[in-house]
Amino acid sequence: MLKTEWIKQGYIDEPVDLKAEIRRLCKEKDAIILAHYYTTGDIQEVADFVGDSLALARKAAQTDAKVMVMCGVHFMAETCKLLSPEKMVLCPDLNAGCSLADSCKAEDLKKFKDEHPGHMVVSYVNTTAAVKALTDVVVTSGNAKKVIDQLPKDAKIIFGPDYNLGNYINEVTGRQMVLWNGGCHVHERFSVSKIMELKKQYPEAVVMAHLECKGPVLALADVKGSTATMLQYAQQSEAQQFIVATEAGILHEMQRTCPDKEFIPVPPEISESGLECSCNECQYMKMNTLLKIYNSLKYEWPQVEIDAELAREAVKPINRMLELS
């Protein structure tokens, strides 16, 4: 929610030291803060756990904490609730959506399934609970190939919603999955020309790209994978410079864990404002703020709830993925 909307609802208080108060409330309420790599640095610094969406949800399910604050986007909070139905899950801003998840509505996927009888559905974890409920198995960018490789070779598969990830998996596995035409607005904005310019400027740099990027961008990358894959590579590599094609929030953790290395963000071709900028950011992730986290903890609102019947169906493909990966 916007700050003005919080004020209208009566849910607003701004202490002097937000980080200290957030940690105090976590102790008082037996709560943990989960922060995605794409949130701002100050949020990552106050969090108990920083990671990608599914890793955070699994970590939260393994803790004894009664309350979790998911600082990411709404589908991530839903995933936390699916894996920890007995816990209170707070989402600092319910307006923090996801262009990729929004590109695949449950009613549209159901119609698409009806048009492709005999096909199983493999869905990227970046989907709503309603879409997961129509899915046979969920995958992440880190385990998609491993999961797909374990499915029958003659299986007819619908893969969604990320077309770029699905196309990459088709290429490396030889599959011919039917691809949903969805995408992440951040990763779609990276361009070949911008990367080529950076390669000329930093000839020794390693190019890393997320699998949600377009094929021509991935073709230029030395390292292709999830945020966790890129972070681990940077930590273990002897290289000193890295050109990074994913949401710029990951650079905070990269720089924190590799202080002596240089990370260069790939800018978008054109920013949403129409002006060129030096990085590529998700405005939904940036809707999370320390003030919203504080008020969410203090007032235990907004809470994420999922219909019990829907939740029973939506958690099945996640559990299936965990079995296969």
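Look up: the structure comes first, before these words.
Remember, predicted model here, so these are calculated numbers, not experimental data.

*Asks:* Explanation requested: the sheet that holds strand E9 (residues 206-210) in the structure shown.
*Replies:* One key point about sheets: their strands pair by backbone hydrogen bonds, in either a parallel or an antiparallel sense. Strands sit in the order E10-E9-E11-E12 across an open sheet of 4 strands; the sheet is parallel. Two strands lie at the open edges of the sheet, namely strand E10 (223-225) and strand E12 (262-265), each paired on one side alone. Ignoring which end each strand starts from, the neighbouring axes of this sheet average 20° apart. Strand direction decides the pairing type here: strand E11 (residues 241-245) and E12, joined by 4 bridges, are parallel. Looking across to E12, one finds that isoleucine 243 is bridged to isoleucine 264. In the packing of helix H14 (residues 250-257) onto the sheet, the strands contacted are E9, E11 and E12, and the crossing angle to E12 comes to about 170°.

*Asks:* Can you help me understand the pairing of E11 in this one?
*Replies:* Looking down a regular strand, the side chains alternate between one sheet face and the other. In terms of burial, E11 is a largely internal element, 4 of the 5 residues being buried. In terms of strand pairing, E9 meets E11 through 4 bridges, oriented parallel. From the neighbouring strand, alanine 209 faces E11, where its bridge partner is alanine 245. In terms of handedness, the path from E11 via H14 over to E12 forms a crossover that is right-handed.

*Asks:* Please clarify how the environment of leucine 211 should be interpreted in this entry.
*Replies:* Looking at where leucine 211 falls in the secondary structure, it is placed in the loop between E9 and helix H12 (215-219). Among the residues examined, leucine 211 registers a relative accessible area of 4% and is labelled buried. C-alpha separation for the pair leucine 211 and lysine 261, spaced 50 residues apart in sequence, amounts to 23 Å. What leucine 211 contacts, discounting residues up to four positions off in sequence, is Ser141, Asp162, Asn164, Leu165, Tyr168, Leu218, Lys224 and Gly225.

Definitions and cut-offs
- Residues numbered from 1 in each chain as written.
- Predicted model: local features only at pLDDT ≥ 70, side-chain atom pairs only at ≥ 80, totals over all residues.
- Heavy atoms only, no water.
- Pairing = 2+ DSSP bridges.
- Helix = DSSP H or I, 4+ residues; strand = E, 2+ residues; numbered from the N terminus.
- Axes fitted to C-alpha atoms, helices over the stretch in contact; angles between N-to-C directions.
- Contact = heavy atoms within 4.5 Å.
- Buried < 20%, exposed > 50% of the residue type's maximum accessible area, 1.4 Å probe, protein only.
- Right-handed = clockwise from strand over helix to strand, strands pointing away.

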